[in-house]
2 protein chains.
Amino acid sequence: MFKNILFCLEFCIALASGMYVVDPGPRYPPTKGEVWPKPQYENKEKFYMTFNPANFEINTTALSCNILTNAVERYAFIVKRKLNTKSHQRLLKRRRKHTFTVIQDTNKEMYNIGDLTKLEIELLAPCQDYPYLGMDESYELIISERSKLSSMSVWGILRGLETWTQLFYFTDDYNEIRINKTHISDFPRYQHRGLLLDTSRHYISLSNILRTLDAMAMNKMNVFHWHIVDDQSFPYQSEIFPNLSEKGAFHPSMIYTKADIGLVVNYARDRGIRVMPEFDVPGHTRSWGNAYPDTLTECYLNGQLIGLGPMNPINNGTYKLLEELIKEVQQWFPDKYFHVGGDEVELECWRSNPDLQKYMKEHNLTAAQLHALFMENVLPLLGSSKAVVWQEVFDEGVPLAEDTIVQVWKYDWVNEMIRILKTGRKLIFSSSWYLDHLKTGGDWIDYYLADPREMVIDKIGNDTSSLDKIIGGEACMWGEVVDDTNVISRVWPRASATAERLWSSPTDSLRTYSRSTPNARSYDPLDGVRQRLEEHTCRMRRRGIRAQPPSGPGFCVGAI
Amino acid sequence: MFKNILFCLEFCIALASGMYVVDPGPRYPPTKGEVWPKPQYENKEKFYMTFNPANFEINTTALSCNILTNAVERYAFIVKRKLNTKSHQRLLKRRRKHTFTVIQDTNKEMYNIGDLTKLEIELLAPCQDYPYLGMDESYELIISERSKLSSMSVWGILRGLETWTQLFYFTDDYNEIRINKTHISDFPRYQHRGLLLDTSRHYISLSNILRTLDAMAMNKMNVFHWHIVDDQSFPYQSEIFPNLSEKGAFHPSMIYTKADIGLVVNYARDRGIRVMPEFDVPGHTRSWGNAYPDTLTECYLNGQLIGLGPMNPINNGTYKLLEELIKEVQQWFPDKYFHVGGDEVELECWRSNPDLQKYMKEHNLTAAQLHALFMENVLPLLGSSKAVVWQEVFDEGVPLAEDTIVQVWKYDWVNEMIRILKTGRKLIFSSSWYLDHLKTGGDWIDYYLADPREMVIDKIGNDTSSLDKIIGGEACMWGEVVDDTNVISRVWPRASATAERLWSSPTDSLRTYSRSTPNARSYDPLDGVRQRLEEHTCRMRRRGIRAQPPSGPGFCVGAI
């Protein structure tokens, strides 16, 4: 069957459209041993080594630390257990009554140069305790008779170990595991490569958060943006304000304790991932009001009280609660950045409240200016933490520290980015990567084609140096439509498209890419990407991530 | 928290739009003990009984048979194990450090009239071996001091047991299981309530097929339409033509053996579900060609052979293979109906083939007429089975037996249905229920509003008797975008909307329903449906079905 497909890949795709000849087998046959996200520089030779898990060791030849030894243990386990010809042979034979034709390996131009028996890891500078914005993630990996992974940073070693694991592949008959003679020199294009997970609209179990971190590591993403509370529920279990989750969580079992958060932070750190907490204020705070209704604003309609709205910006108690809570959060989340939200404030509620009406009149403020004032009051409460804010805070002209990062999420994002860059501020981009928005037929191609720097480069004039201020982006998994049943399959491999775009953006020609018509079988420059993503999806599934099919018909062997 | 929500349900929704006040907690709080699909006639009184799994029995007072005893065992297990206050108490206490406020039950107008200790089952006519089109599924259920479920048919008993299980509910503090004094008299509106599952574009494991049957039973669906093979793979393992799956399956482990099919058929029968096989011909057959290339047509472009297309309609071998294979399939699938497909034939390929060009010229046939001829040749091969065909077969004027069922799936479905009804033929409807089509924000409301009889009723003139010929419909889960990672969460609870529409279509006012604007909090007649679906979704999850969130923020307690 594979033969037919590969035959067809070579010949059929050159067809003019007009007739749609379907091939049996997967729509995009997976590659073998291709790395996702694609490394910046990669040279594969026509030689391969065979791999026998029983006869293999990893040595750390220079510096080491806990993060490194944990990683070595983890990846040794992966290659020894997940890359195991025996389990695949079992599967292959399981329900087979007849002899299947053994398919010859398609690439016959490869030469065996012996066994891979060793990987040397050379860490050239002392470990750092926590990952941080701008950390060095570069590494060099040489796979040959003497394989070596080296980096100036433990974070680079982590990235390199992941790459190394991805280079292995099975022969078509699953009798042999191979790895090609390869030279990789790799580093990220963007510093901030994040995934936002919203645990308020639905509770997400700890195990699915940890699984998400595993998947992020497989995709070299480095920021877990934890949108932990929102209007609907308050699962963060504060020790100083226990009432917040006691009255604001969906259910007593649906909370994150200090220990849970510690586990997430450490698990992420071991994988070179920062955990950035978001406590979104003053909007998106309705669940806070179950315990502390006074911190919210009473909204009126035609003189009638109709419910609670955003935080009350003229109540000192609001700021007091925030100040104390932020201190606790900072202790539990060691990241230097703290996301304080600031999006979608229901100003209409503020305008409806008699006390606020009076205050705005006295101080000659519009409701938008009151929002700006609120943020101005909150930002100093972060102390030594640096702030990340949604774009509204910038739009409303709140004076922002130079190192505040603005997150762009709305329409008209190109002009918004240009406006932010003109003030010299850093930004992260999310508008194109809202994972809750669905589209029939797989939308990851759209994600893949979105590159925030490429979007603005033609419009920014001569000052291209400011492009560096676009420090990255985040795929956002808002929680309205996902819970434990589908969050993993909804995020992966769709977020992998964002991940590759932010890591290495391999296809220069994409700037002029336009989607071909669905039924045309003419050559598509993204077909290679699609094939690599098929392999990567099956790889994630072998490692316990329920990644959904990315591009139509196909299958994964030996995967969940 | 619940209090706030219920308060708000009563008051807030009466608000005029203009300000969007968000409530904490679930967007649509689940109902308690409401049945999905809603019974035709249901009277609940203000009395409830308490339920203690340890002190309860089910008695069969009249006829019985294997299907019935299996069902009693199954449902007894469900109510005793899944409705267990202890496991919920454990969950409730698990990570709770502080005392949660015990929320009072909201409906205080209910009066306890003792324990429910017994259910009598009265089957009034002998069991039938297999479910069939038009079987009697009606039942009567009385929950009171002496509870009784009665039906003239074992299929009705199955439906009634499912209903009975769904009537139980927990008190808000999970200390008590209750069931209300209730009288239900129920029967289906449409005879054919199906789900199509495509196991060719991706292989679906046996366990997920069985889980799908469980979910169908929970939604009172009665036809599992197994689109078992297609262009991409041939997982049906024939005993007389083993090469078909040997060369056509994705992988040796990705097949359905005779034993597998027997298991599915029996599992379905025990749940009152028919299993209707589809072997789609002459298009969608590319995977057959791996073993039998001669049965397919060679397609040409500019005189060059470019691949294989639909079955070859002038090769006797094609019909011979079909004849033999159909006989085997009929032995393995006892259903009276056999789906032979007939959709999306690539006529362009037939037109390109020199032999077919010659044949069409000699017999003065167009390619469409050749398709009609092919179907005319195939239909008699079904012998005593009745045929189901996709609408193209009708459209092309193939002479169809009076009892052939036409499945409507394309656009312009209203006119198509009217055309079919005018010939006196039966049809099943699917156009509005393609589960592979995605839409942000949950599309089940669109499914819910689609009612094939309501669509044509105004256009059909006086002869409304022909409406009965619309015997039902099917939700279709095509396999391009789903595999074992996401098939369950993608189908459920979206297909539940189709299921309720086909069973009882409870809301008469829907004919004039139009979707309200998203942010308006004005009263929406579908809110009650949304709340019932929340409960049903959690119920499915407690029973092992990974149903995804139907309508935004919320949570399920004690569920996967």
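Residues numbered from 1 in each chain as written. Chains lettered and ligands numbered in written order. Predicted model: local features only at pLDDT ≥ 70, side-chain atom pairs only at ≥ 80, totals over all residues. Heavy atoms only, no water.

Take the overall build of chain A next. What chain A contains, in helices and strands, is 18 helices and 18 strands. Looking at chain A residue by residue over its 560 residues, the buried ones come to 61%. Relative to all contacts within chain A whose residues are 6 or more apart in sequence, the contacts with residues 24 or more apart total 75%. Summing over all exposed atoms, chain A offers an accessible surface of approximately 21300 Å²; the carbon and sulfur share of this is 48%. (Helix = DSSP H or I, 4+ residues; strand = E, 2+ residues; numbered from the N terminus. Buried < 20%, exposed > 50% of the residue type's maximum accessible area, 1.4 Å probe, protein only. Contact = heavy atoms within 4.5 Å. Areas by Shrake-Rupley, 256 points an atom, 1.4 Å probe, with all protein chains shown as cover.)

A few words now on the environment of V389 of chain A. Residues and elements named next belong to chain A. Mapped onto the fold, V389 is located in strand β15 (residues 386–390). Judged by its relative accessible area of 0%, V389 falls in the buried class. Between the C-alpha atom of V389 and that of E278, which follows or precedes it by 111 residues, the distance is 9.3 Å.

Right, let's get into the sheet that holds strand β18 (residues 470–477) of chain B. Residue and element names in this part refer to chain B. Strand order in the closed barrel formed by eight strands is β9-β10-β11-β14-β15-β16-β17-β18, and the pairing between neighbours is parallel. Within the sheet, the average angular offset between the axes of one strand and its neighbour, ignoring direction, is 30°. Lying over the sheet, helix α8 (residues 316–332) contacts β11 (274–281) and β14 (337–341), oriented at roughly 170° with respect to β11. (Pairing = 2+ DSSP bridges. Axes fitted to C-alpha atoms, helices over the stretch in contact; angles between N-to-C directions.)

Residues and elements named next belong to chain A. In a regular helix each residue adds 1.5 Å, so 12 residues correspond to 16 Å; helix α11 (residues 367–378) covers 17 Å between its end C-alpha atoms and thus fits that length. All of the buried residues in α11 are A367, L370, H371, A372, F374, M375 and V378. Contacts from the buried residues of α11 go to β13 (304–311), α8 (316–332), α9 (347–352), α10 (354–363) and α12 (391–395). (Expected span 1.5 Å × (residues − 1).)

A word on unusual backbone geometry. All names here are of chain A. Residue P37 follows W36 across a cis peptide bond; omega there is -10°. For P37, the position within the fold is in the loop between α1 (2–11) and β1 (41–51). Positive phi is not limited to glycine here, since K220 has a value of about 55°. Structurally, K220 can be placed in the loop between α5 (206–218) and β10 (223–227). Unlike most non-glycine residues, E344 shows phi in positive territory, near 45°. Here E344 shows up in the loop between β14 (337–339) and α9.

To continue, consider the state of the cysteines. Per the stated rule, a full pass over the model turns up six disulfides over all chains. The residue that forms a disulfide with C538 of chain A is C556 of chain A, at a sulfur-sulfur distance of 2.1 Å. Of note, the bridge from C538 of chain A to C556 of chain A carries an S-S torsion of about -85° and is left-handed in sense. Taken together, the residues C538 of chain A in helix α18 (residues 527–542) and C556 of chain A in the segment after α18 connect sequence positions 18 residues apart. Accessibility assignment for this pair places C538 of chain A and C556 of chain A in one class, buried. Disulfide pairing is shown between C299 of chain B and C349 of chain B; the S-S distance is 2.1 Å. (Disulfide = S-S within 2.5 Å.)

All names here are of chain B. Across the five residues that make up strand β15 (residues 386–390), a large majority, four, are buried. As paired elements, β14 and β15 share three bridges and run parallel to each other. Paired with H339 across the two strands is V388, which belongs to β15. As paired elements, β15 and strand β16 (residues 405–408) share three bridges and run parallel to each other.

Moving on: the packing of aromatic side chains. Residue and element names in this part refer to chain B. The tally for this structure, following the rule as stated, stands at 56 aromatic pairs over all chains. Here the aromatic rings of W444 and Y448 are separated by 6.1 Å at their centres, their planes lie at 85°, and the arrangement is edge-to-face. In this pair, W444 and Y448 are both assigned in helix α14 (residues 444–449), four residues apart and thus about one turn of the helix distant. The exposure class assigned to W444 is buried, which follows from its relative accessible area of 2%. (Phe/Tyr/Trp six-rings, centres within 6.5 Å; stacked < 30°, edge-to-face > 60°.)

Turning our eyes to something else, we now look at the environment of F241 of chain B. All names here are of chain B. Structurally, F241 is set in the loop between β10 (223–227) and α6 (243–248). Judged by its relative accessible area of 14%, F241 is buried. A sequence separation of 50 residues divides F241 from A291, and the C-alpha atoms of the two residues are 9.0 Å apart. Residue contacts for F241: discarding those within four places in its chain leaves Y292, L321, E324 and L325.

Right, let's talk about the packing of helix α10 (residues 354–363) of chain B against helix α11 (residues 367–378) of chain B for a bit. Residue and element names in this part refer to chain B. Relative orientation of the contacting elements α10 and α11 amounts to 90°, with a least axis distance of 10 Å. With respect to α11, the element α10 is oriented roughly perpendicular. Touching L356, Y359 and M360 of α10 are A367, L370 and L373, all from α11. Class assignment of the residues belonging to the contact of α10 with α11 gives a composition of six nonpolar, no polar and no charged. (Parallel < 35°, antiparallel > 145°, perpendicular 65-115°, else oblique. Nonpolar A, V, L, I, M, F, W, Y, C, P; charged D, E, K, R; others polar.)

A common measure of how large an interface is: the accessible area buried when the components associate. All names here are of chain A. Assigned domains within chain A: domain 1 (1–30 + 518–560), domain 2 (31–186) and domain 3 (192–228 + 266–505). Using C-alpha coordinates to define each centre, domain 1 is positioned 36 Å away from domain 3. Along the contact surface separating domain 1 from domain 3 lie one salt bridge. At the boundary of domain 1 with domain 3, the tally comes to five residue pairs in polar contact (both at pLDDT 80 or more). By residue class, the composition of the side of domain 1 that touches domain 3 is seven nonpolar, five polar and five charged. (Domains from an automatic or database assignment. Salt bridge = Lys/Arg side-chain N within 4 Å of Asp/Glu carboxyl O. Polar contact = N/O pair within 3.5 Å; in protein donor to acceptor, adjacent residues only side chain to side chain.)

All right, on to the pairing of strand β11 (residues 274–278) of chain A then. Residues and elements named next belong to chain A. Among the five residues in β11, five count as buried, and that is most of the element. What you see with β11 is no split at all: R274, M276 and E278 on one side and V275 and P277 on the other are buried throughout. As paired strands, β10 and β11 are joined by five bridges and run parallel to one another. Counterpart to H225 in the pairing with β11 is M276.

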